[in-house]
Amino acid sequence: MIGIFDSGVGGMTVAHAVEQALPGYDLVYFGDLARAPYGSKSPETIRRYACQNIDFLLAKGARLIIIACNSAASVSGEEMLARYQPPIFDVINPAVARVASLVRQSGGRLRVGIIGTRATVRSGVYAQKIAAAAPDCQVLSQECPLLVPLVEEGWLDKRETKMILRRYLHPLRARQVESLVLACTHYPLLKGLIVPRIGRRVTIIDSSVEVSSHLAWYLKSHPELDASLARGGVSRFYVSDVTEAAQAIADKIFGRRIELIPA
Ligand code: DGL
């Protein structure tokens, strides 16, 4: 099984992208709704939660793990990679690889905006990794702490959400970024509002899409791991708290009724 975790339901954008990139592969998801949001917690606490979530998914039969939470990946990704034997993927490295390829295509210079939670932006991990992969790239980061609560509340098309987005995106738009990384798994749900506010010519990099295509590529080059993954078309979604808002978002992401199993 492919194991995926996030602090809440935002990581379901990753689970959905994985279902599309690898149809029929069994998935087990854990959304830590009871302890969300992670983005405003300390790195130590987020690391502890990440270990507990990975242990939970491995106990459910996961053979590989996707950390579908930028906040968790930014403070614990490298440590989890070293700590666990099963392969661990995160949402950051594939997005950085995509930025690097855009930089190459553009001839070496690109202004890239990063939007994420406070934990993700303050970790500086995107800026560091992009600087290492594409030194000429100019990175502008913006923390957007209000967006996750708005998404979790289901305020996907409210006037207030549009106003807040305009305010967060303004500094990036003013500096004329050419690409924008959605460095939070909740943000793909706001893509329709983000695109007109950042500018339609800006290339949007969605970490859920990048990690799922990276995983599909990785499995092709690791046939033993690929063969060990069950393919019964079963996806299970565990959550540490069941709420009406989470149910509505889960159903919206998948376009079908999702059974949230209390963990
Ligand atoms: N989904 C998480 C992320 O990708 C954000 C939610 C949270 O802060 O818990 O960063």
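Because the structure is a prediction, the values reported are computed rather than measured.

Q: Go over the site of the ligand, please, and point to the residues and values.
A: Residues in contact with the ligand amount to 13 residues; listed here are only the nearest, Ser 7, Tyr 38, Gly 39, Ser 71 and Thr 185. Between Asp 6 and the ligand, the recorded distance is 2.9 Å, taken from a side-chain N or O atom to a nitrogen atom. Burial of the ligand by the protein chains amounts to 99% of its free accessible area of 300 Å². Residue composition of the shell around the ligand, by class: 5 nonpolar, 7 polar and 1 charged.

Q: Can you lay out the packing of aromatic side chains for me, pointing to particular residues and giving the numbers?
A: One pass over the structure, following the stated rule, counts 6 aromatic pairs. Seen in terms of ring centroids, Tyr 29 and Phe 237 are 5.8 Å apart; in terms of plane orientation they differ by 50 degrees. Their pairing is tilted. Pair noted here: Tyr 29 is in strand β2 (residues 27–31) and Phe 237 is in strand β9 (residues 235–239), with a separation of 208 residues, a long-range link. On the basis of relative accessibility, which here comes to 1%, the residue Tyr 29 falls in the buried class. On the numbers, 4.9 Å between centres and 80 degrees between planes, the contact of Phe 89 with Tyr 218 is edge-to-face. Of this pair, Phe 89 sits in strand β4 (residues 88–90) while Tyr 218 is found in helix α10 (residues 207–221), placing the two residues 129 residues apart along the sequence. An aromatic cluster is defined as three or more aromatic residues linked by ring pairs; in this entry it consists of Tyr 29, Phe 237 and Phe 254.

Q: So what's going on with unusual backbone geometry? Which residues, and what values?
A: In this structure, Pro 37 follows Ala 36 across a cis peptide bond, with omega equal to 0 degrees. Within the secondary structure, Pro 37 sits in the loop between β2 and α2 (43–59). Even without being glycine, Gln 176 reaches a positive phi, approximately 55 degrees. Examined against the element boundaries, Gln 176 turns out to sit in the loop between α8 (159–174) and β7 (179–183). Residue classification places Gln 176 among the exposed residues on the basis of a relative accessible area of 55%.

Q: Lay out the pattern of salt bridges with the relevant residues and their values.
A: Going through the model one piece at a time under the given rule, you end up with 11 salt bridges. Taking the shortest distance from any N to any O, the salt bridge between Glu 79 and Arg 83 comes out at 3.7 Å. Of the two residues, Glu 79 and Arg 83 are both situated in helix α3 (residues 70–83); the distance of 4 residues between them amounts to about one turn of the helix. Here Glu 143 makes a salt bridge to Arg 118, at a shortest N to O gap of 3.0 Å.

Q: Break down the sheet that holds β7 for me, with residues and values.
A: If you trace the 4 strands from one edge of the open sheet to the other, you get β6-β5-β7-β8, paired in parallel fashion. Whereas interior strands pair on both sides, the edge strands pair on one side only; in this sheet they are β6 (138–143) and β8 (203–206). Across the sheet, the axes of successive neighbouring strands diverge by a mean angle of 20 degrees, strand direction being ignored. Bridge analysis of β7 against β8 gives 4 bridges, and the strand direction is parallel.

Q: Can you lay out the side chain of Arg 197 for me, pointing to particular residues and giving the numbers?
A: Relative to the elements of secondary structure, Arg 197 occurs in helix α9 (residues 191–198). The buried charged residue Arg 197 lacks any salt bridge, with Asp 157 as its nearest oppositely charged partner at 7.0 Å. Discounting residues that sit within four places of it in the chain, Arg 197 has contacts with Lys 162, Leu 165, Arg 166, Leu 169 and Arg 173.

Q: Lay out the side chain of Gln 247 with the relevant residues and their values.
A: Note on placement: Gln 247 falls in helix α12 (residues 244–254). Judged by relative accessible area, Gln 247 falls into the buried class, the value being 12%. Among residues more than four places away in sequence, those in contact with Gln 247 are Arg 257, Ile 258 and Leu 260.

Q: Could you give an account of the packing of helix α4 (residues 92–105) against α10, with specific residues and numbers?
A: One can describe the packing of α4 onto α10 by two numbers: an axis separation of 8 Å at closest approach and a directional angle of 95 degrees. The angle between α4 and α10 places the two elements in the roughly perpendicular class. Here Pro 94, Ala 95 and Arg 98 of α4 lie close against α10, whose contacting residues are Ser 207, Glu 210, Val 211 and His 214. Partitioned by chemical class, the residues of the contact of α4 with α10 number 3 nonpolar, 2 polar and 2 charged.

Q: Please set out the environment of Thr 45 residue by residue, giving values where relevant.
A: Along the polypeptide, Thr 45 turns up in helix α2. Distance in space between the C-alpha atoms of Thr 45 and Leu 33 is 15 Å, their sequence separation being 12 residues.

The rules behind these values
- Residues numbered from 1 in each chain as written.
- Predicted model: local features only at pLDDT ≥ 70, side-chain atom pairs only at ≥ 80, totals over all residues.
- Heavy atoms only, no water.
- Near = heavy atom within 4 Å.
- Polar contact = N/O pair within 3.5 Å; in protein donor to acceptor, adjacent residues only side chain to side chain.
- Areas by Shrake-Rupley, 256 points an atom, 1.4 Å probe, with all protein chains shown as cover.
- Nonpolar A, V, L, I, M, F, W, Y, C, P; charged D, E, K, R; others polar.
- Phe/Tyr/Trp six-rings, centres within 6.5 Å; stacked < 30°, edge-to-face > 60°.
- Helix = DSSP H or I, 4+ residues; strand = E, 2+ residues; numbered from the N terminus.
- Buried < 20%, exposed > 50% of the residue type's maximum accessible area, 1.4 Å probe, protein only.
- Salt bridge = Lys/Arg side-chain N within 4 Å of Asp/Glu carboxyl O.
- Pairing = 2+ DSSP bridges.
- Axes fitted to C-alpha atoms, helices over the stretch in contact; angles between N-to-C directions.
- Lys, Arg positive; Asp, Glu negative; His and termini not counted.
- Contact = heavy atoms within 4.5 Å.
- Parallel < 35°, antiparallel > 145°, perpendicular 65-115°, else oblique.

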